[in-house]
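Commentary on secondary and tertiary structure
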Amino acid sequence: MTNEELQKLTEEISIQFFNKTFRHQARFNRRLRTTGGRYLLRSHDIEMNPHLYEAFGIEELIGVIKHELVHYHMHIEGRGYKHGDDDFKYWLHKVGGSRFCQSIPEKRRTESYKYAYLCTDCMQSYKRKRQIDTKRYVCGKCRGKLKQVSLK
């Protein structure tokens, strides 16, 4: 799906469920990782996570678009647009928008830990990507002395 198709879909959903036009920009943002979409307060634009669409399809995308359109229309009208506001909850339920999106599969790079430390008193272990100075830092659990150990 392209940004133009997303724009058209968002405008159609806005007319169908809210009887109001969506006059701003809807686009995909590949940098979104932990959220299905977001409404930008200053520009009134809506950004959607393309990974959500690729993983779960059009139905999940439509649910998130409805959610973001509730934010959009409530904010434009000067009503409660935040998740905890009664107006927001009412309209989200009325249009059938998603309260939460499904968990998006992780596409993050994984870095392995290079350093391991062990508390000499309580045997609490710590893994770190960066080396720490064991003379300056102590165990966060019991304030015991740390010693560096090798990773498995």
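Our subject is the structure listed above.
Residues numbered from 1 in each chain as written. Predicted model: local features only at pLDDT ≥ 70, side-chain atom pairs only at ≥ 80, totals over all residues. Heavy atoms only, no water.

**Comments concerning the overall build of the protein**
Looking only at helices and strands, one finds 4 helices and 6 strands in the protein. Start at the N end of the protein and walk to the C end: the helices and strands fall as α-β-β-β-α-α-α-β-β-β. For the protein, the C-alpha radius of gyration of 23 Å lies well beyond 15 Å, the compact-globule estimate for 152 residues. Dimensions of the protein, computed from the C-alpha atoms along their principal axes, are close to 65 × 35 × 25 Å. Expressed as a percentage of the 152 residues in the protein, the buried residues total 36%. Across the protein, every contact between residues at least 6 apart in sequence was considered, and the portion connecting residues at least 24 apart equals 45%. Accessible area of the protein: about 10400 Å², with a carbon and sulfur share of 47%. (Helix = DSSP H or I, 4+ residues; strand = E, 2+ residues; numbered from the N terminus. Rg over C-alpha atoms; globule rule 2.2 N^0.38 Å. Buried < 20%, exposed > 50% of the residue type's maximum accessible area, 1.4 Å probe, protein only. Contact = heavy atoms within 4.5 Å. Areas by Shrake-Rupley, 256 points an atom, 1.4 Å probe, with all protein chains shown as cover.)

**Topic: the sheet that holds strand 3 (residues 46-48)**
Taking strand neighbours across the sheet as the criterion, the 3 strands line up as 1-3-2 in an open arrangement whose pairing is mixed. At either end of the open sheet lies a strand with only one pairing partner, and these are strand 1 (26-28) and strand 2 (37-39). Looking at each pair of strands side by side, their axes are set apart by 20 degrees on average, direction ignored. Pairing between strand 2 and strand 3: 3 bridges, direction antiparallel. Pairing of arginine 38 across the sheet is with glutamate 47, part of strand 3. On top of the sheet, helix 1 (residues 3-18) reaches strand 1 and strand 3; it is set at about 140 degrees to strand 1, its chief contact. (Pairing = 2+ DSSP bridges. Axes fitted to C-alpha atoms, helices over the stretch in contact; angles between N-to-C directions.)

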